[in-house]
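Listed below, chain by chain, are the residues.
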Amino acid sequence: MRSQFGHMVLMTTILHAVGALVMVLDPDGRVVRFNRCCELTTGYSFDQVREKHFWDFLLVPEEAEAVKNDFRRLRSVMFPNQHEYYMVTKNGDHRLITWSNTILQDEEGAITHVIASGLDITGHKQALEKNRQLASIVEFSEDSIVSSTLQGVITSWNRGAEQIFGYSAEEIIGRPASILIPSDCSGELMEILKRMQGGERIEHFETERLTKRGGRISLSLTFSPIRNVKGELISVSVIGRDVTRQRQAELNYAAIFDAANDAIFVHDIQTGAILDVNRKMTEMYGYTAEEARFLDVEALSAGIPPYTQQDSVRWLTKALDGEPQLFEWLAKDKAGRLFWVEVNTKRSTIGGAERLLAIVRDISERKKVEDELRRSRGELRALAAQL
């Protein structure tokens, strides 16, 4: 009797000590044993579930009927040894459990109990799904997403990289990343890897790379460290965005901007600050482009009514309201010389941002001609009066 009691205590202790969920069920699916891991995972105590059909409180309704059918086939060889299903906890959470079933029989072969041992794989499945989603994002991203060893050997290559560089994954994986780098940029890779080994993440690094056909493309690159479970740097991830068209558009804009015969000011639409000026502005006003960025309209104006900072605000406000303005202005250059200009102000989108554009034309010669014409007309009127 003592031996049997001691054996039962030992088995109960083992049952509660194991890290897996263990339920002992009778042939009808009622709970006979419910170990500590089951209690912690489900929120139910053994006393709350004792002799209850486990599908009545642990299974989602759509899976309960299938499990009942399994128990109806308990005496056949078709009873499943392993399966997965969602278990509903006491507070309503769903946990995915993978179960292994063992059937116990008496001396006559009759089934006495079913031992169901399970592992909670919810976190594992979620991690797999997250990895699958990330892999899908990487694979179908329009950006190139590449990884390499610390020695610069390419180890992964997504479809975006195939589209940008022209190499298939089969062609490029295992080859050195240096084949993508122009000779005049050859020092970049070792410098970047050195910085990465120091734990640095490099963002928006703009450079040029070579395609399979030998063409040069402009890229904005972000380098990120890949570490193992010990925190050791083992490889590098590189995300690249093709900015070739953007760079070309910027070069075209800059060429047109500086080739204009009129002075051009680009203002911040909120503060009115000068953000950029073209070459003609520096020639007309005598300031460098860097100096111009720290000026206000007052410094570029005669400073006497109606050509003051306050007067200019009225014109700029109308332009900001969406009404392009064309007016004459008495300007002042760096040396203090006053000269007449014609100003055209309007809102404009530059590089995706709303700006205030001021196009300024020197009309000093025109004003001189107009003054001479007025003087000539006056002289003619005076002569005519004497006749």
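So, a few notes on the structure that sits alongside this text. None of these values were measured; they are calculated from a predicted model. (Residues numbered from 1 in each chain as written. Predicted model: local features only at pLDDT ≥ 70, side-chain atom pairs only at ≥ 80, totals over all residues. Heavy atoms only, no water.)

**Description of the sheet that holds strand 4 (residues 94–105)**
Backbone-to-backbone hydrogen bonds pair the strands of a sheet. The strands run either parallel or antiparallel. Note the following rule: Strand pairing requires that DSSP identify at least two bridges connecting the strands. The numbering of helices and of strands both runs from the N terminus, where a helix is a DSSP run of H or I of at least 4 residues and a strand a run of E of at least 2. Axis lines are fitted to C-alpha atoms, over the contacting stretch for helices. Their N-to-C directions set the angle, which ranges from 0 to 180 degrees. When checking whether two residues touch, look at their non-hydrogen atoms; a contact exists if any pair is within 4.5 Å.
Pairing is antiparallel in the open sheet, where 5 strands are placed in the order 2-1-5-4-3. Looking at the sheet topology across the chains shown, the edges are occupied by strand 2 (31–34) and strand 3 (82–88). Neighbour-to-neighbour, the strand axes of this sheet turn through a mean angle of 30 degrees, independent of strand direction. When strand 4 meets strand 5 (residues 111–120), the two strands line up antiparallel, connected through 9 bridges. Across the sheet, the residue bridging to Ile 103 is Val 114, located in strand 5. Seen against the sheet, helix 6 (residues 122–140) touches strand 3, strand 4 and strand 5 and runs at an angle of roughly 130 degrees to strand 4.

**Here's the deal with the nonpolar core**
Convention followed: We define the nonpolar core as a collection of buried residues of types Ala, Val, Leu, Ile, Met, Phe, Trp, Tyr and Cys that are connected through side-chain atoms lying within 4.5 Å of one another. Buried residues are those whose accessible area, probed at 1.4 Å on protein chains only, stays under 20% of the maximum for their type, while exposed residues exceed 50% and partly exposed ones sit between those limits.
One finds Ile 154, Trp 157, Phe 165, Leu 180, Phe 223 and Val 236 to be the most contacted residues of the largest nonpolar core, which totals 26 residues. Apart from the residues within four sequence positions on either side, Phe 165 is in contact with Ser 144, Trp 157, Leu 180, Arg 209, Leu 210, Thr 211, Lys 212, Ile 217 and Leu 219. Counting 24 residues, the second largest nonpolar core, distinct from the first, contains Cys 38, Leu 58, Leu 59 and Phe 71.

**Focus on the side chain of Ser 147**
Convention followed: Think of a polar contact as two N or O atoms within 3.5 Å of one another; within protein, one of them needs to be a possible hydrogen donor and the other a possible acceptor, and neighboring residues in sequence only count if both atoms come from side chains.
Within the secondary structure, Ser 147 sits in strand 6 (residues 144–149). By relative accessible area, which is 11% here, Ser 147 ends up buried. Among the polar contacts made by the side chain of Ser 147, one reaches the side chain of Ser 156 at a distance of 2.4 Å.

**Things to note about the sheet that holds strand 9 (residues 216–227)**
Overall, antiparallel pairing links the 5 strands, which are arranged 7-6-10-9-8 in an open sheet. The open sheet has two free edges, formed respectively by strand 7 (154–157) and strand 8 (202–210), since each of these has just one partner strand. When the angles between neighbouring strand axes are averaged without regard to direction, this sheet yields 30 degrees. By the bridge criterion, 7 bridges tie strand 8 to strand 9 in an arrangement that is antiparallel. Each residue of the ladder has a partner; that of Thr 207, found in strand 9, is Leu 219.

Remember, this is a structural readout, not a statement about activity or role.
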